[in-house]
Amino acid sequence: MWLFLAFLAVPLIEITLFIQIGGAIGLGWTLFIVFTTAILGTYLMRQQGLRTIEKLRSSMNELTDPTEPLVHGAMILFAGALLLTPGFFTDTIGLALMIPQVRSWMFQAVRSRINVTGFAANGQGPQRHPHRPDVIDADYQDVTPQADEHQGPSGWTKP
């Protein structure tokens, strides 16, 4: 329901702001601001995205929790999409998300809802039962003959 309300409210807010601000400053300045925020958003997304990728690589190399750089990266990507979307409301939210302190505050606000149980850097998950004596770790090969393979003699006799 919240998503439906957002898809309904955001365009209405944008249209209202376009009419109000466009009427106050004129069409030329309105278009200039829209294009400038799109260019600024692209630049900021690139710069901050590269820094966030470097922090993510560092956390992976040090085997520390990568949650914070991942969340920052997702917020930067979302902020860039908002800045590329024409409108004053989405630009305001996008610019706010480009500020690292705002992203950190938002991350701290939702951190209690994020639960990282662990991660593995080698691509394999944790073992499920590493010390259970009743579990046998083995590889197998199916040697059951196919029904149409052996129609003739058994192989022990020569024809």
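Residues numbered from 1 in each chain as written. Predicted model: local features only at pLDDT ≥ 70, side-chain atom pairs only at ≥ 80, totals over all residues. Heavy atoms only, no water.

**Re the UniProt feature "transmembrane region" (unreviewed entry) in the protein**
When the UniProt feature table is mapped onto this chain, "transmembrane region" (unreviewed entry) is found at residues 28-46 and 67-89. Between the first and last C-alpha atoms of residues 28-46 the distance is 27 Å; the span itself is 100% helix and 0% strand. End C-alpha to end C-alpha, residues 67-89 measures 28 Å, and it is 87% helix and 0% strand. (UniProt positions renumbered as here; feature names shortened; annotations may be inferred. Helix = DSSP H or I, 4+ residues; strand = E, 2+ residues; numbered from the N terminus.)

**Side note on the packing of aromatic side chains**
Applying the stated criterion to the full structure yields two aromatic pairs. Between Trp 29 and Phe 32, the aromatic rings sit 5.6 Å apart at their centres with planes inclined by 90 degrees, giving edge-to-face as the arrangement. Taken together, the residues Trp 29 and Phe 32, both in helix 2 (residues 27-61) and three residues apart, mark about one turn of the helix. (Phe/Tyr/Trp six-rings, centres within 6.5 Å; stacked < 30°, edge-to-face > 60°.)

**Some points on the side chain of Thr 90**
Mapped onto the secondary structure, Thr 90 falls in helix 4 (residues 88-97). Residue classification places Thr 90 among the buried residues on the basis of a relative accessible area of 5%. Side-chain polar atoms of Thr 90 contact the backbone oxygen of Thr 85, separated by 3.4 Å. Setting aside anything within four residues of it in sequence, one finds Thr 90 in contact with Val 10, Glu 14, Leu 82 and Thr 85. (Buried < 20%, exposed > 50% of the residue type's maximum accessible area, 1.4 Å probe, protein only. Polar contact = N/O pair within 3.5 Å; in protein donor to acceptor, adjacent residues only side chain to side chain. Contact = heavy atoms within 4.5 Å.)

**Here we look at the side chain of Thr 52**
One can find Thr 52 in helix 2. A polar side-chain atom of Thr 52 sits 2.8 Å from the main-chain carbonyl oxygen of Gln 48. Beyond its immediate sequence surroundings of up to four residues, Thr 52 is in contact with Pro 69, His 72, Gly 73 and Ile 76.

**Considering the packing of helix 2 against helix 4**
Taken N-terminus to C-terminus, the directions of helix 2 and helix 4 make an angle of 30 degrees; their axes are 11 Å apart at the nearest point. One element, helix 2, and the other, helix 4, form an angle in the roughly parallel class. You can see that helix 2 and helix 4 cross each other, and the crossing is left-handed. Contacts between helix 2 and helix 4 pair Thr 30, Ile 33, Thr 37, Leu 40 and Leu 44 from the former with Phe 88, Asp 91 and Leu 95 from the latter. Split by residue class, the contact of helix 2 with helix 4 holds five nonpolar, two polar and one charged. (Axes fitted to C-alpha atoms, helices over the stretch in contact; angles between N-to-C directions. Parallel < 35°, antiparallel > 145°, perpendicular 65-115°, else oblique. Left-handed = near helix turned anticlockwise from the far one by under 90°. Nonpolar A, V, L, I, M, F, W, Y, C, P; charged D, E, K, R; others polar.)

**Focus on the environment of Ile 53**
Its location among the elements puts Ile 53 in helix 2. The class for Ile 53 is partly exposed, based on a relative accessible area of 42%. Measuring from C-alpha to C-alpha, the distance between Ile 53 and Pro 69 comes to 7.5 Å, with 16 residues separating the pair along the chain.

**Some points on a nonpolar patch on the surface**
Together, Met 1, Trp 2, Phe 4, Leu 5, Leu 8 and Leu 12 line one region of the surface with nonpolar side chains, adding up to about 760 Å² of accessible area. Here Phe 4 shows up in helix 1 (residues 2-25). Overall, Phe 4 belongs to the exposed group, its relative accessible area being 52%. (Patch = residues over 30% accessible without salt bridge, like charges linked within 9 Å, V, L, I, M, F, W, Y side chains within 5 Å. Areas by Shrake-Rupley, 256 points an atom, 1.4 Å probe, with all protein chains shown as cover. Salt bridge = Lys/Arg side-chain N within 4 Å of Asp/Glu carboxyl O.)

**Overview of the nonpolar core**
Leu 44, Met 75, Ile 76, Ala 79, Leu 82, Leu 83, Leu 97, Met 98 and Phe 107 together form the largest nonpolar core, which totals nine residues. Top contributing element to this core by residue count: helix 3 (residues 67-84), with five residues. Sequence-distant contacts of Ala 79, defined by excluding residues within four places in its chain, comprise Gly 94, Leu 97 and Met 98. (Core = buried A, V, L, I, M, F, W, Y, C linked by side-chain atoms within 4.5 Å.)

**Notes on the packing of helix 1 against helix 2**
It is the contact of helix 1 with helix 2, at a shortest axis distance of 6 Å, that shows an interaxial angle of 120 degrees. Of the possible angle classes, the one that applies to helix 1 and helix 2 is oblique. Each of Phe 18, Ile 21, Gly 22 and Ile 25 in helix 1 lies in contact with helix 2, whose residues at this interface are Leu 27, Trp 29, Thr 30, Ile 33 and Val 34.

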